[in-house]
Amino acid sequence: MKWLKNNRVKVLVLLIHSLMLAKLLMDAYEVRRADPFGYLPPLLGVAIPVLLIGIGLAGLLRDLKPVYGLFLLIGALFLWQTYQYDTGEIIRSVQGINDKLSASRPLVYQDFAYLLENIVILVLALSFLTIYAYPWNLLLTDLAFLFFLWAVDSLTDPAAVLTSFVFLWAFVLVHERILARDAEYATFRVHRIDGRARMLQGIAIALCLGLIAMSAVPDRKGTYYEKIWMKANDYLMQDDFLPGNYFLDAFSLSRTGYQDSSTRLGGNVTLDQSIALRLAEDIPEYLRGNTKRVYTGRIWEKSDFLYRTDNAASSLVTQAYRSAAQKRLTVLPEELLTSSLFVPVYPGSVTLSDRSRDNRIYYSIQDQTFMVSEEQADPYTVVYYDQEAVEDYAMAAVDPAVPEDRRDYLQLPDTITQRTVDLVEDIVGDREDPAEKMLALTTYLRDNYEYTLSPGSFPEGDFVDHFLFEVREGYCVYYATALTVMLRIAGIPARYVEGFRVSSEVDTQGNRLVRNSDAHAWAEVLTDPERDLWTIWDATGTAREHGQTGGGTGSNPTPTEPGGTPATTPIRTLAEDTLPDTTPGNGAAPTPGETTSERNLPPWLSVSWIGLISLGGLILWKKQRVKRLLEDPGDQAFLDFIIRLLKESGLEITESQTLSEISRRIPDHDLQRQFIRYGEAHYKARYGSTPHSVAAAVRARLLEETLRYHRITSSRTRHLLRRWIL
């Protein structure tokens, strides 16, 4: 047990260090924890077995005591019982975290749990493999973690995060230096060194150094801080994440003849019958192009959602679709060329016919839209979920509570008039059920306002107030804006959406034709905030359905509630035991090859690269360590290394033996001769009239002979590990 006794502080530091890194990640990503220390038991459940395995392997390589084999066996059994590696689960965890970050949703410990277990295991394993580089291996690991978090802008309060690490660094450096000096002067000591006293000394000095270091850090940023951060952020993030305003050719209704709702609402419009798209295979009722969240009273601001490189919808959303049937749609752009990819209400994935790296797909979890980096002229395929089935799930679990991270969809400007609020209250009346409120507001707009493409110009004031009380006629933009605002006044989160409502017209090849007159705007309601399920509420039809391309008025077709049922049909209610199961993982699995990111590498290839890089680093580190042993002015570290090799070769050597006594126990003649020569040089260097170090050439010849003898007497595996890695 000598190795464990001599390294017990290191082992404890390695355990604490791995847990500190786990806490660092949770703090950096603001992970919510009901119990501040609730993460410790599950992480210790995997950390302690890895610790036992590391102690067992290190001890067997150095002391050859059977007890270390017991450590190894117990650790392996416990790890086998408490941990199971799953590459898919790691990928899903990372994707889930990215999805929540993109959607501005709060992260909880369960999102990080499996990822943290793997990080703790990896950090401990690497720390044990590089334990002879201690404490520099810990510092390099910490700096890599901190640099990554800083570069991706996750270190919101660096001073608070660094405090605990600065004290840890100070302690390991001071304590290791104390032990090194004690070992160097061990030959001359008279009194036994008190290990506890040394520990307390190390802690005291570390505290002093840590306080000095923290107080010396300036509050202001350096001259090159921003430039370095921008370089690092650009390198790590590259263009995998892009803001919504990056896509200059994104779809808006202005591409079809309407006004651009982001610059002007309302006014007369004239549409043509140009073919925008052709559709093949399973045809949906609606195609979403863009969504907008912020209403100013005069316009809808362009969305600032974050898009990531991905061709598949997030599993956070699709798992709520449960067993809804998957369908397949092919979109063939005709005269409408835009960077927006048109998808049904509940998309699963999008695949381009031309998969060039220069035209990647970007996905936003916040509004379930897809974009490409340039105008899309080639066909693309969309796998989506049956709208009626998913809307049935959503309407069966209507939740009146609005989470804090969804309150943006209740935003209202100061321009909203009191008479608009009073009208909503009169329509809603004493209704408590959100679904009944949605139906009442939708039906009111349908029954009391006329459809026209010539409502006149919009004067000063609030657009919704002008539509509801002054002009009392308009087209889909008027209805969708009014319905979205009225829903928000009623306390129901809603968003404004633009796209197409597909007609029944087909061409000679059987493709469904989508014309500019099919362009449409509608409202979508966050029916189930917990599972991020939205449903369409539409109070009017398209210009084609009204038989208009410019001028004239018409009555509104009966609006439909989710599921395609006419909105005049009473909303059905479900018994509590028929509500959809919200357990993750109940969704139908997406079609293989169409819902995976186009840039994923095979897991085995990633692991192989990491393994090769780690092995190369260990070999380089070993070569440098041997070089330092040969050139170090001090002789003790080199002698300890030679004695360890001799012990592993089967020689029984005790601490009380002199170098002459050890040389007589060596059976190999060449090795014995080199050892005697080294011993003479060692004693002469230490006790001669002019102290000096043993010549590097003498050390090199002894090391060469010792390794040769070690190769003969030890197993091939142990010799290779000792020579090149450990």
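Rules used throughout
Residues numbered from 1 in each chain as written. Predicted model: local features only at pLDDT ≥ 70, side-chain atom pairs only at ≥ 80, totals over all residues. Heavy atoms only, no water. Patch = residues over 30% accessible without salt bridge, like charges linked within 9 Å, V, L, I, M, F, W, Y side chains within 5 Å. Areas by Shrake-Rupley, 256 points an atom, 1.4 Å probe, with all protein chains shown as cover. Salt bridge = Lys/Arg side-chain N within 4 Å of Asp/Glu carboxyl O. Lys, Arg positive; Asp, Glu negative; His and termini not counted. Charge placed at Lys NZ, Arg CZ, Asp CG, Glu CD. Helix = DSSP H or I, 4+ residues; strand = E, 2+ residues; numbered from the N terminus. Buried < 20%, exposed > 50% of the residue type's maximum accessible area, 1.4 Å probe, protein only. Phe/Tyr/Trp six-rings, centres within 6.5 Å; stacked < 30°, edge-to-face > 60°. Lys NZ or Arg CZ within 6 Å of the ring centre and 35° of its normal. Pairing = 2+ DSSP bridges. Axes fitted to C-alpha atoms, helices over the stretch in contact; angles between N-to-C directions. Contact = heavy atoms within 4.5 Å. pLDDT = per-residue confidence, 0-100.

### Details of a negative patch on the surface
Here is step 1 of the chain: On the surface, Asp-249, Asp-354, Glu-374, Glu-375 and Asp-378 cluster together into a patch of negative charge.
Here is step 2 of the chain: With respect to the helices and strands, Glu-374 occurs in the loop between strand 9 (369-372) and strand 10 (380-385).
Here is step 3 of the chain: For Glu-374, a relative accessible area of 41% translates into the label partly exposed.

### Structural notes on the pattern of salt bridges
Here is step 1 of the chain: Within the structure shown, the criterion is met by 27 salt bridges.
Here is step 2 of the chain: A salt bridge links Glu-460 to Arg-298, with the nearest nitrogen and oxygen atoms 3.9 Å apart. Remark: Arg-298 occurs in the loop between strand 3 (286-292) and strand 4 (306-309) and Glu-460 occurs in the loop between strand 11 (450-452) and helix 14 (463-471); sequence separation between them is 162 residues.
Here is step 3 of the chain: Classification of Glu-460 as exposed rests on a relative accessible area of 70%.
Here is step 4 of the chain: The partly exposed category is assigned to Arg-298, whose relative accessible area is 32%.

### Looking at a nonpolar patch on the surface
Here is step 1 of the chain: Taken together, the side chains of Val-67, Leu-70, Leu-73, Ile-74, Leu-77, Phe-78 and Trp-80 make up a nonpolar region of the molecular surface, amounting to roughly 710 Å² of accessible area.
Here is step 2 of the chain: Residue classification places Val-67 among the partly exposed positions, given a relative accessible area of 31%.

### Quick word on the packing of aromatic side chains
Here is step 1 of the chain: Tallied over the entire structure, the rule returns 22 aromatic pairs.
Here is step 2 of the chain: Between Tyr-29 and Phe-112, the aromatic rings sit 5.7 Å apart at their centres with planes inclined by 40°, giving tilted as the arrangement. Linking Tyr-29 in the loop between helix 1 (2-28) and helix 2 (40-62) with Phe-112 in helix 5 (residues 109-129), this pair joins segments that are 83 residues apart in sequence. Like Tyr-29, the residue Phe-112 is buried in the burial classification.
Here is step 3 of the chain: Three or more aromatic residues link up through ring pairs in this structure, and these residues are Tyr-258, Tyr-444, Tyr-449, Phe-458, Phe-463, Phe-467, Tyr-475, Tyr-478 and Tyr-479.
Here is step 4 of the chain: The ring of Tyr-409 carries Arg-293 above its face, with NZ or CZ at 5.9 Å from the centroid.
Here is step 5 of the chain: The ring of Trp-534 has Arg-495 sitting right over it, with the charged end atom 3.8 Å from the ring centre.

### Let's talk about the sheet that holds strand 14 (residues 512-515)
Here is step 1 of the chain: Ordered by their spatial adjacency, five strands build an open sheet running 7-10-5-2-14, and the pairing between neighbours is antiparallel. Edge positions in the open sheet fall to strand 7 (347-352) and strand 14, since each of these has one partner strand only. Across this sheet, the average inter-strand angle for adjacent strands is 25°, counted without regard to direction.
Here is step 2 of the chain: Summarising the sheet, strand 2 (residues 275-281) and strand 5 (residues 326-333) pair through five bridges and their orientation is antiparallel. Bridged to Leu-279 within strand 5 is Val-331.

### A closer look at the environment of Leu-410
Here is step 1 of the chain: By secondary structure assignment, the location of Leu-410 is in the loop between helix 11 (387-395) and helix 12 (418-428).
Here is step 2 of the chain: The spacing of Leu-410 and Pro-493 is 83 residues in sequence and 5.1 Å in space, taken between C-alpha atoms.
Here is step 3 of the chain: Not counting the four nearest positions on each side in its chain, Leu-410 is found in contact with Val-402, Arg-488, Gly-491, Ile-492 and Pro-493.

### Considerations on the confidence of the model for the chain
Here is step 1 of the chain: Predicted confidence across the chain gives a mean pLDDT of 79, with 77% of residues reaching 70 or more.
Here is step 2 of the chain: When mean pLDDT is taken per element in the chain, helix 15 (residues 476-489) scores highest with 96 and strand 17 (residues 553-554) scores lowest with 49.
Here is step 3 of the chain: Contacts from residues 187-191, a stretch scored under 50 in pLDDT, to residues over four places away or in other chains number four contacts.

### Things to note about unusual backbone geometry
Here is step 1 of the chain: A positive phi angle, near 75°, is found at Glu-281, a position not held by glycine.
Here is step 2 of the chain: Mapping Glu-281 onto the fold places it in strand 2.
Here is step 3 of the chain: For Arg-472, which is not glycine, the phi dihedral falls at a positive 55°.
Here is step 4 of the chain: On the secondary structure map, Arg-472 appears in the loop between helix 14 and strand 12 (473-474).
Here is step 5 of the chain: The class of Arg-472 is partly exposed, set by a relative accessible area of 34%.

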